[in-house]
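# Report on the structure
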Amino acid sequence: MVGYSFVYRRRWGDLVVTAAILALMALIALRLDDRPAPELFAGTARAADGDTLTVDGRRIRLSGMDAPELTQICSRGEADWYCGASARSHLAEMLRRGAIACSLIGTDKYDRTLARCRIGEEDVGERMVRDGLAVSYGDYAEAESQARQEGKGLWSSTFDRPQDWRRRHGRPQEEPHVPVESHLGAILRFFGLG
């Protein structure tokens, strides 16, 4: 009976130590994840192309989506369609509705500001993808699926995804805009809790 009691206490002690270590790791992760809120900026914006705009002189690349390059041409049947210029025009029309508010996500490898932007309650990147004038590029997969099913914009034509078009035309490549996972999120995912 003495051996059983010893094993029982040892297992209980191991559980307590394990729980304490996990709690300590969670507290450390919370502290590491204690970053300031994302930078916000707002104002009147101007479209540079279908996925880039300027607010108060600051050039912003919309995160999570990718629009055709300004000089990119798509085709509808036998006719050429200037899909890159159309994407820019569509974004410009959206920006005429009012002031834009953007939350800084980070920067890309070209040192461009990546942000999520809204006009009122509407996410600008999501609207561009849902209207078929941009494709999902790290986010907005559901909006792209909807645009594809409805045959909107690019999905009513034959087109190259912007990243493929850039590759074939010797343009700089970029990585999809996927938000960086927090330390706490990584630990929780590691333990199957996130």
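Residues numbered from 1 in each chain as written. Predicted model: local features only at pLDDT ≥ 70, side-chain atom pairs only at ≥ 80, totals over all residues. Heavy atoms only, no water.

### Observations regarding the overall build of the protein chain
Rules: The helix and strand labels rest on DSSP assignments: H or I over at least four residues marks a helix, E over at least two residues marks a strand, and numbering proceeds from the N terminus. For each residue, the accessible area found with a 1.4 Å probe, counting protein chains only, is set against the maximum for its type, and the residue is called buried under 20%, exposed over 50%, and partly exposed in between. Only heavy atoms enter the contact rule, under which two residues are in contact if any of them lie within 4.5 Å. Computed by Shrake-Rupley with a 1.4 Å probe, the accessible areas treat only the displayed protein chains as cover when residues are assessed.
Scanning the protein chain for helices and strands turns up six helices and 11 strands. Among the 194 residues that make up the protein chain, the fraction classed as buried is 38%. In the protein chain, of all internal contacts separated by at least 6 residues, the share reaching a separation of at least 24 is 56%. About 11800 Å² of surface is accessible on the protein chain, with carbon and sulfur atoms providing 56% of the total.

### Details of the environment of E121
Relative to the helices and strands, E121 resides in the loop between β9 (113-119) and β10 (122-123). Once the C-alpha coordinates of E121 and A101 are considered, the two residues, 20 residues apart in sequence, prove to be 9.8 Å apart.

### Observations regarding the environment of T44
Within the element layout of this structure, T44 appears in the loop between β1 (40-43) and β2 (45-47). Looking at T44, the relative accessible area reads 64%, which means it is exposed. Here the alpha-carbon distance between T44 and T54, two residues 10 residues apart in the chain, equals 8.4 Å. Discounting residues that sit within four places of it in the chain, T44 has contacts with T54, V55 and D56.

### Thoughts on the side chain of D123
The following threshold applies: For this analysis, a polar contact is any N or O atom pair within 3.5 Å, provided that within protein one partner can donate a hydrogen and the other can accept it, and provided that sequence-adjacent residues contribute only side-chain to side-chain pairs.
Counting through the fold element by element, D123 comes out in strand β10. Engagement of the side chain of D123 in a polar contact is seen with the backbone nitrogen of E126, the distance being 2.9 Å. Within the structure, D123 has its side chain in polar contact with the side chain of Y140 (distance 2.8 Å).

### Describing the pairing of strand β8 (residues 100-107)
For clarity, the threshold we go by: For two strands to pair, DSSP has to find at least two bridges joining them.
As paired strands, β1 and β8 are joined by four bridges and run antiparallel to one another. Looking across to β8, one finds that F41 is bridged to C102. By the bridge criterion, six bridges tie β8 to β9 in an arrangement that is antiparallel. Looking at β9, one finds that T107 is bridged to T113. Two successive antiparallel strands, β8 and β9, enclose a turn made up of five residues, where D111 displays a positive phi of approximately 65°.

### Here's the deal with helix α4 (residues 141-150)
As a reminder, the rule being used: The arc refers to the directions leading from the helix axis to the C-beta atoms.
Taken together, the buried positions of α4 are A143, E144 and A147. For α4, the angular spread of buried residues about the axis comes to 100°, placing them on one side. Among the exposed residues of α4, those pointing more than 90 degrees away from its buried face are A141, E142 and Q149. After α4 finishes, the residue G151 shows a positive phi value of roughly 65°.

### Things to note about the pattern of salt bridges
The condition that has to hold: Each salt bridge in this description consists of a side-chain nitrogen of Lys or Arg and a carboxyl oxygen of Asp or Glu lying within 4 Å of one another.
One pass over the full model with this rule turns up 16 salt bridges. R161 serves as the salt-bridge partner of E144, at 2.6 Å between the closest nitrogen and oxygen. Of this pair, E144 sits in helix α4 while R161 sits in the loop between α4 and α5 (162-168); the two residues are 17 residues apart in sequence, bridging distant segments of the chain. Three or more residues joined by partner-sharing salt bridges are found here, namely D51, R61, D66, E69 and R166.

### A look at the state of the cysteines
This is how the line gets drawn: A pair of sulfur atoms, both from cysteines and within 2.5 Å, is called a disulfide here.
On inspection of all chains with the given rule, the structure shows two disulfides. A disulfide bridge connects C74 with C83, and the sulfur atoms are separated by 2.0 Å. Looking down the S-S bond of the C74 and C83 bridge, the torsion is 70°, so its handedness is right-handed. C102 shares a disulfide with C117; S-S distance 2.1 Å. Between C102 and C117, the disulfide has an S-S torsion of 110° and is therefore right-handed. Remark: C117 occurs in strand β9 and C102 occurs in strand β8; sequence separation between them is 15 residues. Both residues of the pair, C102 and C117, belong to the buried class. Cysteines bonded in the protein chain are numbered consecutively along the chain; their disulfide partners then correspond to 1-2, 3-4.

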